[in-house]
Every structure is written in C-alpha cells, then in structure tokens.
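Listed below are the residues making up each chain.
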Amino acid sequence: MFPSTHTRRFLKRCLALGLALGLSISAGAAQSGLAYLGEELKALQADPFANPGLLWVDRGEALWQAPPAPGVPACASCHGAPERLREVIPTLPRWNPATQRLENLEGLIRQCQSERQHQAPAPFESEALLALTTRLAHGARGLPLSAVVVPEAAPALARGEAFFRERRGQLGLSCADCHERYNGARLRGDRVSEGMINGFPIYRLTWQTLGSRHRMFRWCNEAVRAEPYPFGAEPYLELELFLRHRGAGLPLETPAVRR
Ligand code: HEC
Ligand code: HEC
C-alpha cells in the first residue's frame, strides 16, 4: 500500500539526482512531529476532551488501580500514583548494568507483571500494555527527553545510530534518508517529520488506534519493504535509545495524535 510506485520512483529520482527538495537537513533544535501537523490535528491533540488517545489514559488508570487477580497487589499498591514514576519516563530506554541489557517502558511494565504480580505479562501492543504505557507516559508529559550519558550505554547508542543511518529494504532507504534528508517533504498525505519519539504511544488516524514506538519502527521498515523486527527486539531498543538521545530536550506529549 505504501509507498506507492509513484512515490517510490519519486524518492529514487530524488536520491539519484541528489536533490534536497529545497529543504535543508534540520540544523536547529529537534522538532516534535507535532510541528509537522496541520492545524486541525494540532487542535485535536491539544483538546482534553477530543484527543482519542486519552481513552487509553483512562483505561490505563483503571488497570493501574485494579488488582489483576484476587489477592494480587495492584500497580498502585506498590507504586502509589503513576506520577511518582514520572522522572523515570524521559530516561527510557536505559541501560541496566545488572542485566547488561536495555530496558524500555513496555519492558519494565511487563517485568513487574511477571516478577511482582506473578501474572502473564501483557502481550506487546495489547490494549492493556498500551493503556499502562500511555498512562505512565502521560503522567510525565512536559518533561524533556534526556540525553544518554551513561558510558556503558555508548556501544548500544552507537549501534542504534548505525541502524538509523543504514540503508535497508528493497527501496534502499535509511531512516535518516526520510527523517533528516527529506524531512518536511510530502509523502502521500503525510509530511515527513524528523521521526521523533516524544509523543508515543501515538494515536494514528491511519491505524484508527494507538500504537507504540516499536509499531512505528515496524511500519517505517515495511514502508521501504524491509523485514520488520519483533516488538521489543534488541535492534529496536537500540534504535529507541538513539532516538531518545537525538531528541533530547523535546518535551513528552503523550498521547500525541498523528495522521
Ligand atoms: C520512506 C520514508 C521513511 C523511512 C525510510 C522511515 N520513515 Fe519513519 N515515517 C515516515 C512517514 C511518512 C511517517 C509519518 C509522518 C511523520 O510523522 O513523519 C513516519 C513517522 C515516523 C515516526 C513518528 C514521528 C512522530 O512524531 O510521531 C518515527 C518515530 C519514525 N518514523 C521513525 C523511523 C525510523 C526509526 C526509521 C528507520 C527504521 C524510519 N522512520 C524510516 C517515513 C519514513
Ligand atoms: C509488589 C510490588 C509491585 C507491583 C505490584 C508492581 N511493581 Fe513495578 N516495581 C516494583 C519494584 C520493587 C520496582 C523496582 C524498584 C523501583 O524502582 O521502584 C518496580 C519498578 C517498576 C518500574 C520502573 C521504575 C524505575 O524507577 O525504574 C515501572 C515502570 C513499574 N515498576 C511499573 C509497574 C506497573 C505498570 C505495575 C502494574 C502492572 C507494577 N509496576 C506493579 C514493585 C512493584
């Protein structure tokens, strides 16, 4: 479905000719995808009654408060209000020195579900996991994404950046081709943004639902006919780490609305 043959040819031609579409690589500070929306969607995101993503905030609040089974402590019994975790959100994903692995918000939630609540962790992209993720990230809105400064995370950060710049798929396009080189260009109905992650989970009209960062990565991989990775896969965690660093300073705006 996307990109169309026409779009594909157009992109290839641009690459071949080295045209920059009259747009320069963004030299200034990082910009949220919000800046690339039309007025209507900007207003929808800002509307505390009409933003469809807020439904998941409410669902997440209910899940947070409720014991998942009789006799099992609720998230709230151990953590109190979701806002008590707000300082952690902009520092995710992060390097865990004990496990020598990266962990993101979805991973931490699932870990508590299995280790602290002794329940089956909610599947990736399930309504429950999206709702809890959205509720926690919503509690941190306004806080800026933080730069990656832990030395132990440097190799993973470098791998994330390499992934971002590597050409892939049948179209041979890297994330950077679209989100740096051609950012601002129109691709079918979309205006290509800088590919920032400060609005996630996002409500995407194209999806008619809410989606995670990794769902977006999968969609963008498929857009260039590249094999997507599974949710929670290491290369996506590394990519997410790099995008957090690249967008450092951008305020969280969960749940963002996108086209
Ligand atoms: C063929 C061009 C293309 C490529 C290549 C591409 N994307 Fe995208 N991406 C898009 C379009 C179109 C959108 C939807 C409009 C927008 O938000 O930029 C998008 C959206 C996004 C968003 C959401 C931005 C927001 O504010 O909600 C992220 C994050 C993202 N892409 C990351 C990536 C990553 C990571 C890669 C490499 C794995 C990648 N993209 C490769 C075209 C592309
Ligand atoms: C039995 C108590 C308990 C329950 C129930 C519990 N957690 Fe946790 N959770 C912890 C402990 C202990 C930690 C690790 C120490 C810490 O950072 O507070 C933790 C860590 C976390 C973190 C990372 C916080 C950080 O500062 O690094 C998140 C996010 C989280 N939990 C979410 C949840 C969610 C969502 C639920 C419900 C699905 C939940 N937890 C249920 C005890 C619990």
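In this report, we go over the structure that sits alongside the text. Everything quoted here is computed from the prediction, not taken from an experiment. (Residues numbered from 1 in each chain as written. Chains lettered and ligands numbered in written order. Predicted model: local features only at pLDDT ≥ 70, side-chain atom pairs only at ≥ 80, totals over all residues. Heavy atoms only, no water.)

Quick look at the packing of helix α3 (residues 54-65) against helix α6 (residues 127-138) now. Contact geometry for α3 and α6: axes closest at 7 Å, N-to-C directions at 100°. Considered as vectors, α3 and α6 are oriented roughly perpendicular to each other. Within the contact between the two elements, α3 uses Leu54, Trp56, Val57, Arg59, Gly60, Glu61, Leu63 and Trp64 and α6 uses Glu127, Ala128, Leu130, Ala131, Leu132, Thr134, Arg135, Leu136 and His138. (Axes fitted to C-alpha atoms, helices over the stretch in contact; angles between N-to-C directions. Helix = DSSP H or I, 4+ residues; strand = E, 2+ residues; numbered from the N terminus. Parallel < 35°, antiparallel > 145°, perpendicular 65-115°, else oblique. Contact = heavy atoms within 4.5 Å.)

Empty space left among the atoms is revealed by rolling a probe the size of a water molecule over them. Scanning all chains against the criterion turns up 3 cavities of 30 Å³ or more. Approximately 130 Å³ is the volume found for the largest cavity. Counting only elements with at least two residues in the lining of the largest cavity, the list comes to α5 (105-115) and α6. Partitioned by chemical class, the residues of the lining of the largest cavity number 7 nonpolar, 3 polar and 3 charged. When residues of the lining of the largest cavity are sorted by domain, at least three fall in each of domain 1 (5-19 + 30-48 + 147-258) and domain 2 (55-138). (1 Å grid on protein atoms, 1.4 Å probe; cavity = no way out; pocket = protein on both sides within 12 Å on 5 of 7 lines; lining within 4 Å. Points joined across faces, edges and corners; volume = space filled by probe spheres on them. Nonpolar A, V, L, I, M, F, W, Y, C, P; charged D, E, K, R; others polar. Domains from an automatic or database assignment.)

This brings us to the packing of aromatic side chains. All told, the structure shown has 7 aromatic pairs when counted by the stated rule. Aromatic pair Phe124 and Phe231: ring centres 6.3 Å apart, planes at 20°, arrangement stacked. In this pair, Phe124 sits in the loop between α5 and α6 while Phe231 sits in the loop between α9 (213-223) and α10 (234-246), placing the two residues 107 residues apart along the sequence. Ring centres 5.4 Å apart and planes at 70° place the aromatic pair Tyr229 and Tyr236 in the edge-to-face group. One aromatic cluster in this structure is built from Phe163, Phe217, Tyr229 and Tyr236. Across the ring face of Phe124, the terminal group of Arg110 is positioned such that the distance to the ring centre comes to 4.2 Å. Note that Arg204 overlies the ring of Trp207, its terminal NZ or CZ placed 4.9 Å from the centroid. (Phe/Tyr/Trp six-rings, centres within 6.5 Å; stacked < 30°, edge-to-face > 60°. Lys NZ or Arg CZ within 6 Å of the ring centre and 35° of its normal.)

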